[in-house]
Amino acid sequence: GQRSSQAKGGFRNVIVMCGAGLSVSAGIPDFRTPGSGLYDNLQTYNLERPEDIFTLDFFKGNPKPFCTLAKELFPGQFEPTLGHVFIRMLHDKGMLLRCFTQNIDGLEFLAGVPEEKVVQAHGGFQTSHCLKCEAAHSTEWVKERIMADEVPRCSRCSGLVKPDIVFFGEGLPLRYHKLVRRDFPKCDLLIVMGTSLQVQPFASLIDHVKDDVPRVLINREKVGVKTEVRASLDFFQRAMLEAMGVYQDGGFEFDLASNKRDVFLQGDCDDVVLDIAERCHWDLESVRNGVLKANAESGKSFTRRSPSDSASSTEKAHL
C-alpha cells in the first residue's frame, strides 16, 4: 500500500491511464467535449451516428470519412504536451511501471517514453494491414496516400488498408490483455488523466489495482464515480441489477465516507501536472523544451517498430 511504498523510498510501480484530454493542449480535439469534441466536429461528414467513422462495416462500405479524419490526426503534426512529458519524467525517475493509453496519437513516444512502457489500448498508426489479405503496409506508405486524399488500397490484392487502430467491435491488442494481468496487481499508485472513463473495458481498469492502492484522477470533472446509491446496495440487490445488466460495481469513492485512497485533482492535465512537478521540484517545462528541441534536431518521425507480443529483454528487466 501507500505507506509501504513510501517506506521503501517512494512509488516504484506507477500505472498511468490516459485519454484524449491529455492531448487537447497539443491541438488534437478530444471526443466528447460539447462544441469542440471530435464527435461534434464529425457532423461535417453527414454520418448517421458519429461512431460510424470508427466502425468496421461502415469503413468497408465508405472508407473516405475515416481517411479524411486520419489526415487531420496523423502523427507528425503534433507535439507532446506537459502531460506526456510528465509521464516520461515518471519513467526517468524509475517510477513508471506502464502507461495504458486510449490515445492513437503516439505522443507518449514523442515525449520519450520507451515503447515497452506504453500500451496503446486502442491501437495506433505505427502499423497498418490489408483487411482482405492481411498484408502489412508501412506507416510512410499509408501516410503518403492519406495525405494525398487517397484511400489506401493494398498493393497485393487491392483490398482496403487500415491503420491498426481498434474500431468498435474489434478486439483489443493481445499485449493489452497480457500486461493488464501482469501489471495491475503490482501497481502501487494509479494516475488517471484526461479520460471520460466511458469506454469499456478500459474504464473498468481503475478497479484492477489492490484495495489499498492510492488512485488519483486528473480531469476537468469527476468521472468513473461510485454513487452513494450503488455503494449502499446489498449483495442481493447488486446481483439482481447485474443480472439485468444495469449495474457495475466499482468506481472512485471521492465523496463517500468509506474513501481512504481516491483523490480528485480538478483542472486541465497540463496545469495539474505542472503543479505536481513543482511540488516535487521537477523542472517539467525545461524537460519539455529539451524534448521539443531534440525532436526538431533529429527530424524524428513517428514511425517506429510496434512492440512485439512477447516481452522484450528491456521489458523483462523492468518486471
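Note that the coordinates shown come from a computational prediction; the quantities given were computed from them, not determined experimentally.

Examining the pairing of strand 1 (residues 14-18)
A large share of strand 1 lies buried, amounting to 5 of its 5 residues. Because side chains alternate across strand 1, one face comprises the buried residues V14, V16 and C18, and the other comprises I15 and M17, equally buried. For strand 1 and strand 2 (residues 96-101), the ladder comprises 5 bridges, and the chain directions are parallel. Directly across from I15, in strand 2, lies its bridge partner R98. Strand direction decides the pairing type here: strand 1 and strand 7 (residues 189-193), joined by 5 bridges, are parallel. Paired with C18 across the strands is M193, a residue of strand 7.

Re the sheet that holds strand 2
Each strand in a sheet pairs with another by means of backbone hydrogen bonds, the pair being arranged parallel or else antiparallel. Strand order in the open sheet made by the 6 strands is 3-2-1-7-8-9, with parallel pairing throughout. Each edge of the open sheet is held by one strand with a lone partner, namely strand 3 (118-120) and strand 9 (262-266). With direction set aside, neighbouring strand axes in the sheet form an average angle of 15 degrees.

Some details on the packing of helix 5 (residues 82-92) against helix 11 (residues 269-279)
Two numbers describe how helix 5 lies on helix 11: the axes approach to 8 Å, and their chain directions differ by 40 degrees. With respect to each other, helix 5 and helix 11 are oriented oblique. Crossing handedness for the pair helix 5 and helix 11: left-handed. Contact with helix 5, carried on its side by L82, G83 and F86, involves D270, V273, L274 and I276 of helix 11 and no other residues of that element.

Focus: the pattern of salt bridges
Overall, the coordinates contain 13 salt bridges when judged by the stated rule. In this structure, K222 and D255 form a salt bridge, with 2.8 Å as the shortest nitrogen-oxygen distance. Taken as a pair, K222 in the loop between strand 8 (215-219) and helix 9 (228-232) and D255 in the loop between helix 10 (235-243) and strand 9 lie far apart in primary sequence, 33 residues in all. Since its relative accessible area comes to 56%, D255 is described here as exposed. Between K226 and E253 there is a salt bridge, with the nearest N and O atoms lying 3.2 Å from each other. In this pair, K226 sits in the loop between strand 8 and helix 9 while E253 sits in the loop between helix 10 and strand 9, placing the two residues 27 residues apart along the sequence. E253 shares its class with K226; the two are buried. Residues joined in a network through salt bridges with shared partners are D207, R215 and D262.

Observations regarding the packing of aromatic side chains
Each pair of aromatic rings is reported with the distance of its centres and the angle of its planes. Taken as a whole, this structure holds 11 aromatic pairs when the rule is applied. Relative to F167, the ring of F66 has its centre 5.2 Å away and its plane inclined at 65 degrees; by these criteria the two rings are edge-to-face. Here the residue F66 occupies a position in helix 4 (residues 64-73), and F167 occupies one in the loop between strand 6 (161-165) and helix 8 (174-183), the gap between them amounting to 101 residues. For the pair F66 and F167, a shared accessibility class is recorded, and that class is buried. Arranged with centres 4.8 Å apart and planes meeting at 25 degrees, the rings of F252 and F254 form a pair that is stacked. Looking at F252, the relative accessible area reads 0%, which means it is buried. Residue F254 is classed as buried on the basis of its relative accessible area of 11%.

As for the environment of T81
Tracing the backbone through its elements, the reader meets T81 in the loop between helix 4 and helix 5. On a C-alpha basis, the gap between T81 and R288 in space is 7.7 Å, while along the polypeptide they are 207 residues apart. Once you skip the residues sitting within four places of it in the chain, T81 turns out to touch L22, S23, S25, A26, D270 and R288. One polar contact links the side chain of T81 to the main-chain carbonyl oxygen of L22, over a distance of 3.3 Å.

Basis of the calculations
- Residues numbered from 1 in each chain as written.
- Predicted model: local features only at pLDDT ≥ 70, side-chain atom pairs only at ≥ 80, totals over all residues.
- Heavy atoms only, no water.
- Buried < 20%, exposed > 50% of the residue type's maximum accessible area, 1.4 Å probe, protein only.
- Helix = DSSP H or I, 4+ residues; strand = E, 2+ residues; numbered from the N terminus.
- Pairing = 2+ DSSP bridges.
- Axes fitted to C-alpha atoms, helices over the stretch in contact; angles between N-to-C directions.
- Parallel < 35°, antiparallel > 145°, perpendicular 65-115°, else oblique.
- Left-handed = near helix turned anticlockwise from the far one by under 90°.
- Contact = heavy atoms within 4.5 Å.
- Salt bridge = Lys/Arg side-chain N within 4 Å of Asp/Glu carboxyl O.
- Phe/Tyr/Trp six-rings, centres within 6.5 Å; stacked < 30°, edge-to-face > 60°.
- Polar contact = N/O pair within 3.5 Å; in protein donor to acceptor, adjacent residues only side chain to side chain.

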